[in-house]
Amino acid sequence: MTDTLDMPKKLAPAADVAAERTLGIILVSASAIAFALTGVLTKSIHADPLTITCWRGFFGSILITFYVLWRRRCSGGNESLRLGWRGWLLVLEGAAASIAFISAFKHTYVANVAVIYATSPFIAALLAFLLVREKFRLQTMVAAAVSLCGVAIMVSAGLGSG
């Protein structure tokens, strides 16, 4: 005979998974909306790319701080907040990517930036192959080739136009 007091413990992981899935859907949807507005908002702001990036980083750091503190409180506060050299390398890479991303919006069409940004999964696949010898699937190689052809067409149309 099973004890009825043990039942909620068995059901709790399923409820946690559902809650985490819902939170994930909300966060991904919010980030998709924010990302979709980036080009339009960047084009409408009359400031240089570094100023926009600094303000973007400032508000982003506030939101990340609240998130980290919330996660730390939920886990009991036992987690270390140290980044280590890999974390700081990621910070530098993220800052450079943000500056390049905003600069691209300021200096070309939003559609061009979106198409080039869409090739990032293929660049990640290439880096995975070069750095850790991860194998390509045929579908990945075909999609990468088509995507890079599109980027080449876009870039070649702008060559020589200054």
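Residues numbered from 1 in each chain as written. Predicted model: local features only at pLDDT ≥ 70, side-chain atom pairs only at ≥ 80, totals over all residues. Heavy atoms only, no water.

A. Geometry of the nonpolar core. Counting residues in hydrophobic clusters, the biggest one holds five residues: Ile52, Phe101, Ile102, Phe105 and Val113. Every residue in contact with phenylalanine 101, bar those within four places of it in the chain, is listed here: Phe35, Thr38, Arg56, Val113 and Tyr117. (Core = buried A, V, L, I, M, F, W, Y, C linked by side-chain atoms within 4.5 Å. Buried < 20%, exposed > 50% of the residue type's maximum accessible area, 1.4 Å probe, protein only. Contact = heavy atoms within 4.5 Å.)

B. Main features of the layout of surface pockets. Taken as a whole, the largest pocket encloses approximately 1700 Å³ of empty space. Where the lining of the largest pocket is concerned, the elements lending two or more residues are helix H1 (7-44), helix H2 (49-74), helix H3 (84-107) and helix H4 (110-117). Among the elements that make up the lining of the largest pocket, the one with the highest residue count is H2 (14 residues). Roughly 160 Å³ of volume is contained in the second largest pocket. Ile116, Tyr117, Thr119, Ser120, Ile123, Ala124 and Leu127 are the residues that line the second largest pocket. Secondary structure elements with two or more residues in the lining of the second largest pocket: H4 and helix H5 (120-132). With four residues, H5 is the largest single contributor of residues to the lining of the second largest pocket. Of the residues that constitute the lining of the second largest pocket, the class distribution is five nonpolar, two polar and no charged. (1 Å grid on protein atoms, 1.4 Å probe; cavity = no way out; pocket = protein on both sides within 12 Å on 5 of 7 lines; lining within 4 Å. Points joined across faces, edges and corners; volume = space filled by probe spheres on them. Helix = DSSP H or I, 4+ residues; strand = E, 2+ residues; numbered from the N terminus. Nonpolar A, V, L, I, M, F, W, Y, C, P; charged D, E, K, R; others polar.)

C. Focus on unusual backbone geometry. You will see that arginine 133, though not glycine, has its phi angle at about 60°, which is positive. You can see arginine 133 is positioned in the loop between H5 and helix H6 (138-158). Among the residues examined, arginine 133 registers a relative accessible area of 55% and is labelled exposed.

D. Structural detail: the confidence of the model for the protein chain. Mean pLDDT over the protein chain: 82, with 89% of residues reaching 70 or higher. For the protein chain, per-element mean pLDDT is lowest for H6, which scores 78, and highest for H3, which scores 91. A low-confidence stretch, residues 3-9 (pLDDT under 50), is modelled with zero contacts involving residues beyond four sequence positions or located in other chains. (pLDDT = per-residue confidence, 0-100.)

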